[in-house]
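Structure assessment
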Amino acid sequence: MGRAFEFRKARKLKRWGNMARTFTRIGKQIAIAVKAGGPDPDNNAALRAIIATARHENMPKDNIERAIKNACGKDQKDYKEMNYEGYGPHGIAIYVETLTDNTTRTVANVRSVFTKFGGTLGTSGSLDFIFTHKSMFTFAKKDDVDMDELILDLIDFGVEDEYDEEEKEEGTEITIYGDPKSFSQIQKHLEECGFEVRSAEFTRIPNDLKDVNEEQRATIDKIVERLEEDEDVQNVYTNMKPEE
């Protein structure tokens, strides 16, 4: 596997590091999916994908069912997707994804973190040349499936020919990356082929990784940590090179 794939896995583990925050973020995603397509996962592919991710993150069944029920309530808040892009110290690009019911509050909180550490927020799209938006699916590997043939089947959906393979207690997991516009088609194909989809989400992959020293890494890690403490923040991506 290439270094870019190692980076993807490292960032995924980091941004989902805190269980409580993870459950809160998934709950918001469930709310949006239910509002858009209804509470029945059998008839709502987006909700089905989020539930798979929730289970992969060890979110209890009761929590998932409660989130779906709450999403159907009259008092459920309306969440809006807002992304914030900028630079932290040492020229590190930082991309922040949020789901919020109060954009004024969210942008103030995000800007405050950037300012505190000497960073600056940029305009929307200013980091498009640094980060590539991808869909990401993790599923259980089947012994009778040829991965090269599967990738060939999915290549029309923009799926990359490289993939991650990781051994787990419950068996081998495969992670593939594809065009975000083809998310539903990739999900449908995997389900029709009988794969157990354990996680289905979007990610952003940096095209240009920047080296930092130990002190600089500690500062960037602190910025990411502060941003992730905000309940409106879903994901934080940087182009800081992973530790060896």
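Structure shown above.
By convention here, each chain's residues receive numbers from 1 onward along its written sequence. Restriction of local features to residues with pLDDT of at least 70 applies here, the model being predicted, together with a cutoff of 80 or more for giving and counting side-chain atom pairs; totals for whole chains, interfaces and linings are based on all residues. Hydrogen atoms and water are omitted, and side-chain values are computed over all heavy atoms in the structure.

**Examining the packing of helix α2 (residues 19-37) against helix α3 (residues 45-56)**
Angular values range over 0 to 180 degrees, each being the angle between N-to-C directions of two axes fitted as lines to C-alpha atoms, with helices fitted over their stretch in contact. Labels follow the DSSP assignment, with helices taken as runs of H or I lasting at least four residues and strands as runs of E lasting at least two, numbered in each case from the N terminus. Axis separation between α2 and α3 bottoms out at 9 Å; the angle between their running directions is 165°. Between α2 and α3, the interaxial angle falls into the category roughly antiparallel. For the pair α2 and α3, the sense of crossing is left-handed. Two secondary-structure elements touch here, α2 through I26, Q29, I30, A33 and V34 and α3 through A46, L47, I50 and A54. Of the residues belonging to the contact of α2 with α3, the class tally is eight nonpolar, one polar and no charged. Just so you know how the angles are binned, under 35 degrees is roughly parallel, over 145 roughly antiparallel, 65 to 115 roughly perpendicular, and the rest oblique. Note: crossing handedness is left-handed where the near helix turns anticlockwise from the far helix by less than a right angle, and right-handed where it turns clockwise. Residues are treated as being in contact if the distance between any of their heavy atoms lies within 4.5 Å. Think of it as three bins: nonpolar holds Ala, Val, Leu, Ile, Met, Phe, Trp, Tyr, Cys and Pro, charged holds Asp, Glu, Lys and Arg, and polar takes everything else, Gly as well.

**Things to note about the sheet that holds strand β4 (residues 131-140)**
By definition, two strands form a pair when at least two bridges between them are found by DSSP. Taking strand neighbours across the sheet as the criterion, the four strands line up as β5-β6-β4-β7 in an open arrangement whose pairing is antiparallel. Each edge of the open sheet carries a strand with a single partner, namely β5 (164-168) and β7 (197-206). Adjacent strand axes in the sheet meet at a mean angle of 25° when their direction is disregarded. As paired strands, β4 and β7 are joined by nine bridges and run antiparallel to one another. By the bridge assignment for β7, F131 is matched with P206. Contacts from α3 reach β4, β5, β6 (171-178) and β7 within the one sheet, and its direction differs from that of β7 by about 90°.

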